[in-house]
Every structure is written in structure tokens, then in C-alpha cells.
Amino acid sequence: MTQFLQTCLDAASLGSIFALSALGIGLLFGILRLANVAHGEFISTAAYSLIVPFTSVAAASELFIGKWHWAAVIPTVCAIVVVLALATERFVFRPLRSASAPVLMMASFTVSYILQNTVLMVYGSQARGVNLWYGLTQQIQWQGLRIPLIQIVTIAVTAVLMVSLSLFLKYSRFGIEVRAAAEDFRMARYLGVKANRVIGIAFAISGVLAAAVALLYLPQSGTINYAWGSPLALYGFVAVVVGGMGSLPGAVLGGFSIGIAITMLQVYLPPELKPFRDAFAFGLVIVILVVRPNGLFPVKHVMKRV
Amino acid sequence: MRKPHLEVRDLHVSYGQIAALRGVSLHVERGETVCIVGPNGAGKSTLLAAIAGGVAAGQGAVLLGGDPVAGLAPEAIARRGVSLVPEGRQIFSTLTVTENLRLGGFLHSNPGTARWLLNDLMDVFPSLKARASYPAGRLSGGEQQMLAIARAIMTGPELILIDEPSLGLAPKIVDQVYAILAEIKARRGVTLLINEQSSTRILKHADRIYVLRGGQIQLEGRAEELADGEAIKRAYFGFDRESA
Amino acid sequence: MAVPANLPLRAAGLPALLIAGLGLVTLPVSLFAPPGVETFWTEILVRIILVTGFYIFIGNSGVFAFGHVAFACVGGYAAAWLSMNPMFKQIMLTGLPHWVQTLQLSPWAGVAAAAVMAALVALVVGAAIVRLSDIAASIATFAFLVVVNRIYSNWDSVTGGVAPLTNIPQFGSIWPTFLFAALALLTAYLFQRSRWGLMLKASRDDDVAALATGISVYRMRLAAFVLSAAVMGAGGAVYTYFLGILTVDVFYMGLTFLMLVMLVVGGAESLTGVVAGVIAVSTVAQILRLAEQGVQIGGTRLALPLGLQEITLGIFMVLVLVYRSDGITRGRELPLPRFLKANADAR
Ligand SMILES: Nc1ncnc2c1ncn2[C@@H]1O[C@H](COP(=O)(O)OP(=O)(O)OP(=O)(O)O)[C@@H](O)[C@H]1O
Ligand SMILES: [Mg+2]
């Protein structure tokens, strides 16, 4: 029983990470039909901004921004990723606004490639140990459960972020514009919604979500390398597909489902099949796309596009 | 001389290889109701979308009160007092009725204007008021058409472009739609440019009519001159009854 | 749509020209060039095979499949399984069936087998994937690439996992690679001039017209998918025999990206674009790589920082996507000299 509760907690915290990642990807997909492969590099950039560039490899890298008080770290890292996200929008995706979805995906592939190699150039290819917020890795003993503090923080922060994001989308003017644009961008523009602003906001939110993923996952993983963010984004993708592409509640549900599925596979898969966990997850993507193109949790509206 | 409210000069639009408009010229005076009729694929929707900035013109000019606007983004053209009610309504089905309307009002710099317009419209459209917090996707076809029109008015337009308002609606509902359009026109003095596939009903409501076929204007005339429908029919079907 | 008379010799004007051009470079390279240049040119020929494989599906169906490198991976491992020194196979790849472990086929047979194996995998996967359209297809093929990579990196007893496989025989000459490149170009050309190829291309613009011809778009797409996978599989095998060593991550995101750049830079719509893209991008990459190694001037070494090659390539790709999305060939084929043209183009 304790074992089971422990597993549930692991699943919920991993699911939180995936759900945040999926939200960042799903938001851009809903509005722009952009399957943003570079989301993983947004996450990596957030992590790397914490350590000093151009230093040699040490067991634990020297912290840069990461040294600061957490109340300064969080906004700074968010700002860095938001600027990066807005820059990619301005210089790559805006000139390609009328391009087809696969071309957009290819462009994001390119952005990902550029950013990953920039990280390689600045920080080198070796994995780097990062001791961020060491205190969070402590465990709380409770009713025989050993609960890492970071898991509680992850779940709580995710809940707060999701509630505030949904309030923002539900009630603010920008929220209404973003939702309308996600449903039918051209019509929204006919009504005077400014494309550049809505897309800018969406990229900014996506950047904040990427920063959140990085800051929440880093204390758990402890080391980063140049491709650190990729798997987190790839699982975000899986979640977006599972949840029905373009639906935000679907992306969140998808994220938690993947978190649960991965944790359960990790625990209950026979040892000789464990290495193939990811292959199962991505095989699932293909199956869902073919069998249930609207995802496992279809939302009523079907996206219309001109 | 007074400039026409809308003037289109030698407009060409193509989608890749397909030429949808091939040199369309027309003008709409301030306060007029002008109707464009034409068969499927004539280019009617393309024409309205091009005026509203939704598709790029390959060649030609669109002038609003004498100012060229071709090439501006749709959101910029909306700020110049043009509002489009597109074919098939295109309401935001996941947004509520009120949200659909509020969205139309965001371009006003004074939020008071938008609020006043919203209240005013709820009186004109009681059926929308009763369903204000419904997701718009649950409205009936007629209600959706009303919502699309109301939403267009929320932007405070001087020129409203309406693409096939009768599409998929029962005749009785179509009458209601046209009655509403007449009321709005009487209250706000807007200019209307309406697309329709069939001219039978429109002759009653329009001041002038253009027949569009194959991406070109085939005929232009005042509604009363064309009242018997024969000339329209010939232009519409593209053959000459006499010579047949 | 008029189907041109398909007398093989007449129809083969374009690939004949491309192949002759490649041959004209290969000959002096094989005779006089220093090993570095020979390696560089061989790599170009290998890439032509791979990008042609990519092109057969993307260029004809218009569906952007991001996962085709998976077939090269399948082909590469098939080659290693069939041709690696049996002694090493028995030590490293204990999970292989005994008859495979003792086998040592020539590279020629290995390439053929690799093509067949990739085609079979493509038939199964393609039956599901080619139904999808647009972005769903792109994502599904991308997922397929991840699946194949995960399986091959972790199935240690059969693939050796992420450890490199060595003791794979090499061709020992540039000519077999040239021959396979020529074969790939010819295959692509014959397919695109075939009834199915023409109709598949037509179906991109007009589904109704394609339906009217009575062949389902699905079956034509599947045919293109399988054929392109076969060429990719052969390309993966040739690559493996060229390197003599095989690691799974060679066939992953990096190669996928490089091939996409080549295809887009050349122009995804034409076979000439494939060749032009591969040569242009490989040359630029090579120059940048040399610049990274730097030049010795006096006592100091001037060199570009490591990693700049990739970044420049990426920026180059963005510029092409934004300013010249139909590539340097603008989707056109090479203009044929008159004596070939009179016969080849009946349209
Ligand atoms: N997005 C598009 N892409 C390609 N071709 C298009 C597109 N939209 C319209 N067309 C083509 O342009 C031509 C004109 O289309 P348009 O929709 O303007 O006609 P219409 O008069 O509104 O027809 P209907 O009465 O059926 O609404 C048609 O041949 C159509 O196939
Ligand atoms: Mg229309």
C-alpha cells in the first residue's frame, strides 16, 4: 500500500512536469499549428542560464544565476526564456506565418538545432552537475512514506500555474483573444485582434512554462547536458497528441496520463522490457494518431482551419 | 467630388494556379446596400476576404474613402471601420456568446464604447441575450448568424461585408436576418455589401446589384432596373437566351 | 493527364545527365584525389542516396515525413548483421539467430538485403501512417524515428546497444557507392515518371482528379513510402560499408536535420534539387569544418569556435525557408540539352 502511494506520488509529480511541457507546446500548436520541436531547447536554456558559461567541467558546476535568492532566480530565468522565445518568434516564425504546418515544424527543428549547438559551443558537450536548491531534495517522513519535498513543490507549483493560466485565459481580454485565435485565427483578425500581439503573448507564456519545467525538474535530475530538455519536450508532444492536438485541457490530461503511464511502466514492466519504455510511449503516439486522431480526450469542437 | 465609401479597382486574386478574381472593379457609395450575386465558385467570398485583408491581392487596388488599403493586415482594416460576416458564420464555438461579442469590441480604445454597444445589441437581439453565457457552438444556425452579425457590429463598423447571410437557413429565418439588417441600417446608417447566390430575395433589399461569374463582373445595375430578373439570369448563367 | 511514352532510354535523359555529371567528378577523384577529398566525395554520394530516398516520398506525395532516417537505421543494422565478421558477432550480438551469426555476406548482397528489410518495415508502418495527412503524418513519422532509435539503442543482445559495431567490411573503392547513387537517382526518376508517380504528384493539387483516375491516393502513397524506404535502407547500408563502423545515433536527429536542410536548400520538388542540395550543403559544411580546424599563420592559429559550423548551417536553413522556400533550383529540373530534350519531354 505504501509502495502504491509512493508510486502515485511519483506519477503525479512526473505528470505535472509533462503537463506543463505539454501546455507550452499545445498553446502554440493551437494558435499557429506550430509543432514546436524547439520547446526542449527553451527548457535546456533555462537550466543552462543557471551556471557560468565558458567554464571547465567540474563535478558541480559553478552557479551563476542559480546562486541568487530564489525570488530573483525565478523571474530572471523566466525573463531569459521569454526573450529567447520572442526572438525565435520574431526572426523565424513571423516571417513564416503563412507557411504550412510541416514547414513550421521544420523551422522549429532548425531553431532547435541552432540552440542546441549554441549550448554545445558555450558550455561544452559534457554533462554538468547542477546543485540547485539543494534543500528541496530532502525527504519528509510521513506515515511511513518518504516524500521528497521537491515532488510536493512540483505538484503545488503546477497546480498554481494551471489555475492562474486558466483564470487568465478565461477572464482577461488577452485570454479571450488567445482562445479565439486558437479556434480560428483568421476570423479573430477580421475582428481586429492583433496577430503579432496574440502570438507574442502565446510565445511568452510558452517560455514561462518552459522555465517552470526546467526549474522544477532540475533539482530532481541534478545533472544537465546539451540535450537535457529534449526528452521533456518529446513527452510534452506525446501528451499533446494523446490529449487531442490543439486542446489545452487535453494537453494537461495527456501530460498526467503520460506521467502515470511512464511511472507504471517503470515499476511494473518486466526488467528486460524496461529499456523499451520510451519506444512504447512513442509507439502509442502513432497508434493514437491513426486510431483516435482527436486524442483520447476529445473536446467538443473540432479545429477549423482555412 | 465625394469619394465612394468603397472602391475596388481591377482586383486580381489567385490561389496558386487558380485565378479566383480576374480584374474586378466596383464601387459602393456611403449608406448604400449593394449586393453581389453569382454562382458557386464565382469568387464572391474571395472578393469580400480580399477587401477585408484576409487574402492578398495580386494586383489592383482597394480604396476606403479614397485611401488605399490593399496590403494592410485584417486587424488594421478592421480599425478602419470594415467588418466582415464570413460565409458559414465562423463564430467561435468554444467561446460563450458574450465572449464572442466582447472580442469584437476590443478594438475600441474606450472600453465604455464597447460596453455600451454590447448592451445596445443585447436589446436588438433578445435571443442572444437569453443565451449570453452559452458556448456559441450550441446556438441554432439562425442564432449563430445573428451572433455573427452582432459580433461584426461590435467593432463599430461603417461598412459591413456579409457573405451569404441566407446560407443554410430556412426561408422564415432568412426573412428575420434581412429584417435585422434593415433595422441596423436604419439605426446606424452603415453601408452594406452583401453576397448572395440567388437574386430573388435580394432585389427587394439592395440598391444596386453586381453579377460576378468566373472572377469577373458580368453585369451592374440598379435593383429596380433589373427587377424582372431576366438580365441577371443571363449574366449569371453566362449564355444568351436570344441566340439560343 | 497525358502519360509520356516511357521508352526507358528516352525517358532517362535527366538522370543520365545527373549521373554523367557525378561520374565526371568521381573518375578524377578515384584516380588522383588525396584520401581526404575522396572521403568527402564518397560521403556526398552516400548522402545523395539517402536524400533521394527522402525525396521519393516527400517530393512526390508532398507529405513531410520526418522519420525516414529510421529506415536508414534499419538498413545500416541489416548490413552489419549480414556482413560483420562472424567471430565478433558471436561475442557482441548474442541475441542474433545462429544462422545470421555465422553468415558473412558481401557488401553487395548486404545492400540488397537492407533495402528489402527496410521496405518490409515500411510496408507495415506505412500502411498505418500514410493514411494520416499533413501535420499528423509529420508527427507520426517523427514518433516512428524515436521508436526505432529507442529499440536499436536498447536491444543490446541484437544491436549492441549504443556501443559501436566494428569489423564491418568496406567497399574499398568509391565506385560501388557511385553505382548505388546512380541506381537511386534512376529509381526516383522512373518512379516520378511512372503512372503512379505522376498521379501521386497530381493528387497533391487536386484530390478529385486523383480519385477520378480510380487509383486510391492511399495506395499510391504507400507505394512511394515503401520505395523510398527501400532506397533509404540501401543508403543506410552503403553508409555503414563506407564507414566500416556503425553507431545507432548516426541515424537520428542530426542526420535527419542535415537531410532536411539538403532537401529544402536544393528544392524539395525536383531530383536536380536533391543533387544540388547535397553538394551545396556538404561543401558549405566542409568549408566551415576546415575553418573550425583553422589556419596556421605565423605562431598563432586562427580558427572559428567549435560548433559554429552547425549554427551557421542552421541559420542558412532559416534564411532558405524564409526567402527561398522552393530551394536553389526553384523546384525545376536541370534544363536538358537539345538532343535529349526532343525525345524526353513529350508534354
Ligand atoms: N483557400 C483556397 N485555396 C484554393 N482555392 C480557393 C480557395 N478559396 C477559394 N478558392 C477557389 O477560388 C474560386 C472562388 O472561390 P470563392 O469561395 O471566392 O467562390 P464563391 O463565389 O464564394 O463560391 P460559393 O458561392 O460556393 O461560396 C473557386 O474556384 C475556389 O475553388
Ligand atoms: Mg462563397
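Computed from a prediction, not measured in an experiment: that's the story for all the values here. (Residues numbered from 1 in each chain as written. Chains lettered and ligands numbered in written order. Predicted model: local features only at pLDDT ≥ 70, side-chain atom pairs only at ≥ 80, totals over all residues. Heavy atoms only, no water.)

1. Quick word on the interface of chain A and chain B
Counting residues at the interface gives 21 residues for chain A and 25 residues for chain B. For the chain A and chain B pair, buried surface summed over both sides reaches about 2,100 Å², with 59% attributable to carbon and sulfur atoms. The closest approach of N and O atoms between B:E99 and A:K170, which form a salt bridge, is 3.2 Å. Applying the counting rule to chain A against chain B returns 9 residue pairs in polar contact (both at pLDDT 80 or more). Secondary-structure elements contributing two or more residues to the side of chain A that touches chain B are α5 (149-171), α6 (173-183) and α7 (185-190) of chain A. A per-class count over the side of chain A that touches chain B returns 9 nonpolar, 2 polar and 10 charged. (Contact = heavy atoms within 4.5 Å. Buried area = accessible area lost by both parts, 1.4 Å probe. Salt bridge = Lys/Arg side-chain N within 4 Å of Asp/Glu carboxyl O. Polar contact = N/O pair within 3.5 Å; in protein donor to acceptor, adjacent residues only side chain to side chain. Helix = DSSP H or I, 4+ residues; strand = E, 2+ residues; numbered from the N terminus. Nonpolar A, V, L, I, M, F, W, Y, C, P; charged D, E, K, R; others polar.)

2. Examining the site of ligand 1
All names here are of chain B. Neighbouring ligand 1 are 13 residues, the closest being N40, K44, S45, T46 and E87. Contacts to ligand 1 include N40, whose side-chain N or O atom sits 2.7 Å from an oxygen atom. Within the backbone of A42, an N or O atom sits 3.1 Å from an oxygen atom of ligand 1. The protein chains hide 65% of the 630 Å² of surface that ligand 1 would expose on its own. Looking at the shell around ligand 1 residue by residue, the class counts come to 4 nonpolar, 6 polar and 3 charged. (Near = heavy atom within 4 Å. Areas by Shrake-Rupley, 256 points an atom, 1.4 Å probe, with all protein chains shown as cover.)

3. Considering the sheet that holds strand β9 (residues 208-213) of chain B
Residue and element names in this part refer to chain B. The sheet built from 6 strands is open, its strands ordered β6-β7-β8-β3-β9-β10 with mixed pairing. Each edge of the open sheet carries a strand with a single partner, namely β6 (82-85) and β10 (216-222). Mean inter-strand twist for the sheet, computed between neighbouring axes without regard to direction, equals 15°. Examined bridge by bridge, strand β3 (residues 33-37) and strand β8 (residues 191-196) share 5 bridges and lie parallel to one another. In the strand pairing of β8, V37 is matched with E196. (Pairing = 2+ DSSP bridges. Axes fitted to C-alpha atoms, helices over the stretch in contact; angles between N-to-C directions.)

4. Section: the confidence of the model for chain C
All names here are of chain C. Averaged over every residue, the pLDDT of chain C is 84; residues scoring 70 or more account for 88%. The low-confidence segment residues 1-9 (pLDDT under 50) makes 10 contacts with residues lying over four places distant or belonging to another chain. Predicted confidence is poor over residues 340-347, with pLDDT under 50, and the contacts of this stretch with residues over four places away or in other chains come to 9 contacts. (pLDDT = per-residue confidence, 0-100.)

5. Structural notes on the coordination of the magnesium ion (ligand 2)
Residue and element names in this part refer to chain B. Protein ligation of the magnesium ion (ligand 2) involves S45 (OG) and E87 (OE), the donor distances falling in the range 1.9 to 2.4 Å. With S45 in helix α1 (residues 44-52) and E87 in the loop between β6 and α3 (97-105), this pair connects stretches of sequence that are 42 residues apart. On the basis of relative accessibility, which here comes to 31%, the residue E87 falls in the partly exposed class. (Donors = N, O, S within 2.8 Å, 3.2 Å for Na, K, Ca; no water. Buried < 20%, exposed > 50% of the residue type's maximum accessible area, 1.4 Å probe, protein only.)

6. A few points about a nonpolar patch on the surface
Residue and element names in this part refer to chain A. A cluster of nonpolar side chains, namely M1, F4, L5, V267 and Y268, defines an oily patch on the protein surface of about 520 Å² accessible area. Sorting the residues of the nonpolar patch by element identifies α1 (2-32) and α10 (248-268) as the ones contributing at least two each. For L5, the location among the structural elements is in helix α1. (Patch = residues over 30% accessible without salt bridge, like charges linked within 9 Å, V, L, I, M, F, W, Y side chains within 5 Å.)

7. Observations regarding the pattern of salt bridges
Following the criterion strictly, the structure yields 20 salt bridges over all chains and no others. Here C:R47 and C:E43 are joined by a salt bridge, their closest N and O atoms 3.6 Å apart. Placement of both C:R47 and C:E43 in helix α3 (residues 35-61) is noted, with a separation of 4 residues, approximately one turn of the helix. Taken as a pair, C:R47 and C:E43 share a single burial class, namely buried. Beyond isolated ion pairs, a larger network of salt bridges with shared partners links B:D120, B:E183, B:R187 and B:R188.

8. As for the environment of C:G244
Mapped onto the elements of the fold, C:G244 is located in the loop between α13 (217-243) and α14 (253-266). Sequence-wise, C:G244 and C:S173 are 71 residues apart; in three dimensions their C-alpha atoms are separated by 13 Å.

9. A few points about the nonpolar core
Ranked by internal contacts, the top residues of the largest apolar core, which has 258 residues, are A:I31 and B:L6. Core analysis: the next-biggest nonpolar cluster, separate from the first, contains 47 residues, B:Y178, B:L181, B:I202 and B:A235 among them. (Core = buried A, V, L, I, M, F, W, Y, C linked by side-chain atoms within 4.5 Å.)

10. Details of the interface of chain C and chain A
Opposite the 38 residues of chain C that make contact, chain A presents 33 residues. Carbon and sulfur atoms make up 87% of the surface buried where chain C meets chain A, a total of about 3,300 Å² over both sides. Applying the counting criterion to the chain C and chain A interface returns 0 salt bridges. For the interface between chain C and chain A, the tally reads 1 residue pair in polar contact (both at pLDDT 80 or more). Residue assignment for the side of chain C that touches chain A shows that the elements contributing at least two residues are α7 (107-129), α8 (134-154), α14 and α16 (308-323) of chain C. The greatest single-element share of the side of chain C that touches chain A, amounting to 14 residues, is contributed by α8(C). Residues of the side of chain C that touches chain A, tallied by class, amount to 30 nonpolar, 5 polar and 3 charged.

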